[in-house]
Amino acid sequence: MVQKLQQKDKLIGIGAALIAALMFGISPAIAKLAYAGGSNGMIMTFTRAFMSLPFLFLLARQQKVSLRLTKQELLLVVLVSIFGNFSTTLMLYSSFSYIKVGMALVLHYFFPVFVVVASIVFFKEKTKWWKILALLLGFAGVLTFMGGAAESDLTGLLLAVGSAITYAAMLISVEHTALSGFHCIKLTFYTNLIVSPVAFITGLAGSTLKLQMTAGAWAYSFVVSLMVGVIGFSLLNYAIVKIGASSTSVISMAEPLSGVLFGFLILGEKLTPLNWLGCILIMAGVAIISLFSLRKVSDTV
């Protein structure tokens, strides 16, 4: 009975990570459509967080999730929200103004390497061979999309890599601090609640928050808010608690796969045969981490 429950938790965690990756992967292509109507990285960061708050609050009330915080928890949430969620979202969305969506996501998805290395070095995590193999396959798949790096804008490249570093730090923080005990909706609600005013004030100070957008841009922004602010981050936080940051990060390599495919379908960005090989490698890595995570439960019970 215990084994079945553990396997169910793992399976749900893997599913949550995959759906979150799909949401995060599709959203950049939609965000770039909003940019054509007057949006930008700062505006998208603000609207994505602010528009999601009513839905997250209603979900918390519907599921009877307590939103109370201690002073220590509040400080921790503020730090993770600003230096993790806010910084990552702003840098990644801003990079879309300089380089292609597919290229930005590829560079952003160096973060699983940072997560696994940090878990081994700082938290002495014993990483299995299959997890390393899955990481290498996914990383090799990511590298197949690097062909246009030489012609890309340096600012966009640095922003995308910076988002990978802050995102890795956020995932590790959620797993190894008191945040791991938070309900996923509670954590997502508070991070968005903090990101909203920070993005608003930062945007006003830097004259980058001009909310004069077309109706279409507002609609695209709302869709991104639901996909990322409500669904994506809630499922991501849930997956981290259920299967750990390193496994979640490797499974999340499916995000650039969905990102480049939607960039191909929606924005008309080209894919080469090498890119299609990369898609296969990424999915192989995701399959390995999923299958062995479930088998690990059976072996330890």
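For the structure itself, consult the block above.
## Focus: helix H3 (residues 53-62)
Moving on, step 1. All of the buried residues in H3 are Leu53, Leu56 and Ala60. Around the axis of H3, the buried residues are gathered within 70° of arc, so they sit on the same side. Seen from the buried face of H3, the exposed residues on the opposite side, beyond 90 degrees, are Leu58, Arg61 and Gln62.
Moving on, step 2. Buried-residue contacts for H3 involve helix H2 (41-50), helix H9 (184-205) and helix H10 (215-243).
Moving on, step 3. Looking one or two residues beyond H3, the residue adopting positive phi is Lys64, at roughly 55°.

## Describing the nonpolar core
Moving on, step 1. Among the nonpolar cores identified, the biggest contains 87 residues, and Phe111, Tyr167, Leu171 and Leu236 are the most heavily contacted of them.
Moving on, step 2. Apart from residues no more than four positions distant in its own chain, Phe111 is found in contact with Ala164, Tyr167, Ala168, Leu171, Ser249 and Ser252.

## A look at the environment of Met253
Moving on, step 1. Tracing the chain through its elements places Met253 in the loop between helix H11 (245-251) and helix H12 (254-266).
Moving on, step 2. Exposure remark for Met253: the relative accessible area of 1% places this residue in the buried category.
Moving on, step 3. The spatial distance from the C-alpha of Met253 to the C-alpha of Ile282 is 6.5 Å, given a sequence separation of 29 residues.
Moving on, step 4. Not counting residues within four places of it along the chain, the set of residues in contact with Met253 comprises Tyr109, Pro112, Leu135, Gly138, Phe139, Val142 and Ile282.

## Thoughts on the environment of His176
Moving on, step 1. The residue His176 is located in helix H8 (residues 154-176) in this model.
Moving on, step 2. For the pair formed by His176 and Phe123, sequence separation is 53 residues and the distance between their alpha carbons is 8.8 Å.

Reading guide: rules and limits
- Residues numbered from 1 in each chain as written.
- Predicted model: local features only at pLDDT ≥ 70, side-chain atom pairs only at ≥ 80, totals over all residues.
- Heavy atoms only, no water.
- Buried < 20%, exposed > 50% of the residue type's maximum accessible area, 1.4 Å probe, protein only.
- Helix = DSSP H or I, 4+ residues; strand = E, 2+ residues; numbered from the N terminus.
- Arc of directions from axis to C-beta.
- Contact = heavy atoms within 4.5 Å.
- Core = buried A, V, L, I, M, F, W, Y, C linked by side-chain atoms within 4.5 Å.

Geometry only, nothing functional implied.
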